[in-house]
Structures are given as C-alpha cells and as structure tokens.
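Topology and contacts: notes
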Amino acid sequence: MRQLRLAGLLTAMSLLAVPGIAGPEHKNLQVLPRTITNPELKKMMEGFTEQLGVKCTFCHVLEQYEKDDRPHKTDARRMIALVLHMKAKKAVYFGPRVKDAVVSCGLCHRGQAEPEPFVPTLLPNLTFLVPPTPAGSRPKNLQVLAKTTTPLELQKVMDGFNGQLGVKCEFCHGMELDKDDRPHKTDARRMLKLTIDMKASKASYFGPRVKDTVITCGMCHRGKAEPEPFVP
Ligand code: HEC
Ligand code: HEC
Ligand code: HEC
Ligand code: HEC
C-alpha cells in the first residue's frame, strides 16, 4: 500500500540501503544504483513520464534505452542527481515533516517538461508592517546568509520571500527581527540553505542554460506559503 503511493525514485533510494539485490541487465546507469531491478526501474521511468508530462521518447530512442543520444536524457541525469541529493539531505533542507515522496521531479515540473517560470507579483495586500532594519545597523543573527550581507541586500532577499511565498514579514518574524521566535523562520533558514546549495552546484544539477534567478523559493512555492502537493 505504502509502496503504491511512492514516487519511483523512493524505490531506488531504499535500494541504496539494500545493496545485496542482484543487478539485472542495465548497461548504462551512471547516477541510479546499479542494483536497481527491472520492475523498480520501470516504475521510476513511468514516474518521470507522469511528472514531466512526456513519453519515453522524450529522453530515449525506443528499445535503445542504454544509448545517450537524446540531450534530454543528459538533462534528466543531472536532475536525478539533484533529487537524490535532496533526498539524502531531506532532514537538513525540508525538516522531519515532509514525506520522501514529495521530493520528486513533480515538485518543480508539475506535469510539464519545462517548469513554468514563476513571476512573483507583489500583491497589493502585502504591506510591510514590520519596518526594515534602521539604516546603518548591521544584521545581528544571520546563520545562512553571509555575515557581510548589507541591510539593502537583506531587504531585497526578504521582499523576495514575501513575493515568492505570498506572505508578510510576520509569517516568519515577530517585532524583533533578529530573534528566532517564529517556527517559520527556522523552516525558511533550512530552505534558504537548499536554495543556496542548488545555486552553488547549478552547473552539475541544472546545466549551463538555466539562469540563477530561476533557482528561488518561487520555483517550488509559486506564491504559496506551502507548495501545493503535485498529484499526477
Ligand atoms: C525525463 C527523461 C526520461 C524519460 C521520460 C524516461 N527515461 Fe528512461 N532513463 C533516463 C535516464 C537519465 C536514464 C539513465 C539513468 C542513469 O544513468 O543512472 C534512463 C535509463 C533507462 C533504462 C536503462 C537503460 C540501460 O540499460 O542503461 C531503461 C530500460 C529506461 N530508461 C526505460 C525507459 C522507459 C521504458 C521509459 C518510458 C516509460 C523511460 N525510460 C522514460 C531518462 C528518462
Ligand atoms: C528543484 C526543481 C527541479 C526538480 C526537483 C527537477 N527539475 Fe528538471 N528542471 C528544472 C528546471 C528549473 C529546468 C530548466 C527549465 C528551463 O530550461 O527553463 C529543468 C529542466 C529539465 C529538463 C530539460 C527540459 C527541456 O525541455 O529542456 C529535463 C529533461 C528535466 N528537467 C528532468 C527532470 C527529472 C527527470 C527530474 C526528477 C528526477 C527533475 N527534472 C527534477 C527544475 C527541476
Ligand atoms: C519566509 C520567512 C521570512 C519572511 C517572509 C521574511 N523573513 Fe526576514 N528573515 C528570515 C530568515 C530565515 C532570516 C535569517 C537568515 C539567516 O539566518 O541567514 C531573516 C532575517 C531578517 C533580518 C536580519 C535580522 C538580524 O539582525 O539578524 C531582517 C532585518 C529581516 N529578516 C527583515 C524582514 C522583513 C522586513 C521582512 C518583510 C519584508 C522579512 N524579513 C520577511 C525569514 C523571513
Ligand atoms: C525544491 C523546492 C523548494 C524550494 C526551492 C523552497 N521550498 Fe520551502 N517548502 C518546500 C516543501 C516541499 C515544503 C513543505 C510543505 C509541506 O509541509 O507540505 C516547504 C515548506 C516551507 C515552509 C513551511 C511552510 C508551512 O506553512 O509550514 C517555509 C517557511 C518555506 N518552505 C520557506 C521557503 C523559502 C524562504 C524558500 C527560498 C529561500 C523556500 N522555501 C524554497 C519546497 C521548497
């Protein structure tokens, strides 16, 4: 029952912990565990087609699955590496609440071959009730952002959070902005680390084409405090 609900990738991950299963005849696996069985691989590949809204031929020439003659297969390999990395560091980035199955291609792709770019709109009801740090005073309690971040740079990041999550400053802050008195601030710190790590490894996960500005909170949140679960 549990198995049925899980995205294919989870199956592959659990295999990492069970290296004893004999590897079948796959010839050219470079990121997936070589121990993956045929049914597991099939399930995962079917998951890719659902989560990206494509056919097998988007990445493969039919019946020549081991060949690397379709550029999308190379793109997909990088993205598999990203999802495996996010799953391995799930507790660090997502915290304990988030289910493993949520961390999948569908989190960003949502049934599209290319995730639609998210353009934040500052909604008129998003008034900044909490005043920004007084000019000249340095942030005191940055644990993820560089300590050298200026108040102006910080303001931009924080305004970005509001637009990308569709929330106000009070979603994460009480009156004293350097205090850690709201749980969402802790959540946001973890997610900020994820976003910074993805940017730092942009070339290995996203390739050269993707702009830095695409890799933001909005990529998953799309203007919502909690990303909507993707159901294929
Ligand atoms: C979004 C791209 C994508 C789609 C869609 C996709 N695949 Fe794959 N497939 C891959 C990648 C990437 C690998 C190699 C993974 C690796 O290197 O670890 C792979 C590997 C395979 C392999 C193993 C080949 C070997 O011997 O090395 C088979 C078989 C396969 N896919 C079948 C399918 C089938 C059947 C479908 C449709 C149901 C499908 N794939 C859909 C990206 C895709
Ligand atoms: C963290 C968000 C995220 C996740 C998770 C993710 N992708 Fe992507 N993917 C992107 C972005 C962003 C692009 C680039 C779109 C563009 O070129 O504008 C992309 C592009 C691609 C492309 C190239 C599409 C094209 O038309 O050029 C493929 C193929 C792909 N992803 C496969 C996958 C697969 C398979 C998975 C799951 C193993 C996955 N992605 C997981 C964000 C993600
Ligand atoms: C989604 C959560 C979130 C929202 C919304 C948000 N912040 Fe933040 N804010 C954070 C996090 C997380 C940090 C700490 C970053 C770190 O540790 O590197 C922070 C740090 C700050 C700091 C630095 C405090 C210090 O001295 O250490 C200021 C100032 C600040 N935010 C102001 C704002 C303002 C003003 C808004 C609204 C425009 C806002 N924030 C909206 C999460 C948020
Ligand atoms: C790779 C996708 C992804 C990215 C990028 C991302 N998040 Fe999230 N975020 C999630 C998921 C998934 C959840 C969990 C939703 C749930 O609990 O069901 C979440 C939850 C949260 C929550 C808790 C929300 C709640 O109501 O409990 C906060 C706060 C948050 N994210 C802030 C951020 C911020 C700030 C950024 C950018 C620095 C960011 N996220 C980037 C996927 C992402």
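Before going into details, it helps to say that this report is about the structure given with it. (Residues numbered from 1 in each chain as written. Chains lettered and ligands numbered in written order. Predicted model: local features only at pLDDT ≥ 70, side-chain atom pairs only at ≥ 80, totals over all residues.)

**Thoughts on the site of ligand 2**
With respect to spatial proximity, 21 residues lie near ligand 2, and among them Asp-75, Ala-76, Met-79, Cys-105 and Cys-108 are the closest. Classifying every residue of the shell around ligand 2 gives 16 nonpolar, 2 polar and 3 charged. (Near = placed C-beta within 6 Å. Nonpolar A, V, L, I, M, F, W, Y, C, P; charged D, E, K, R; others polar.)

**Quick look at the site of ligand 1**
Around ligand 1 lies a shell of 25 residues, among which Leu-32, Met-45, Cys-56, Cys-59 and Tyr-65 are the nearest. Counting only elements with at least two residues in the shell around ligand 1, the list comes to helix H3 (38-52) and helix H4 (71-88). Looking at the shell around ligand 1 element by element, the count peaks at 6 residues for H3. When the residues that make up the shell around ligand 1 are grouped by side-chain class, the tally is 14 nonpolar, 6 polar and 5 charged. (Helix = DSSP H or I, 4+ residues; strand = E, 2+ residues; numbered from the N terminus.)

**Considering unusual backbone geometry**
In the Ramachandran plot, Glu-63 falls in the positive-phi region, its phi being about 65° despite a non-glycine side chain. Tracing the backbone through its elements, the reader meets Glu-63 in the loop between H3 and H4. On the basis of neighbour counts, which here come to 7 C-beta atoms within 10 Å, the residue Glu-63 falls in the exposed class. A positive phi angle, close to 50°, is found at Arg-222, a residue other than glycine. Tracing the sequence through the fold places Arg-222 in the segment after helix H10 (218-221). Judged by the 19 C-beta atoms lying within 10 Å of it, Arg-222 is partly exposed. (Buried ≥ 20, exposed ≤ 12 C-beta atoms within 10 Å, placed from the backbone.)

**Some details on the environment of Asp-75**
Tracing the backbone shows Asp-75 in helix H4. For Asp-75, a count of 18 C-beta atoms within 10 Å gives the class partly exposed.

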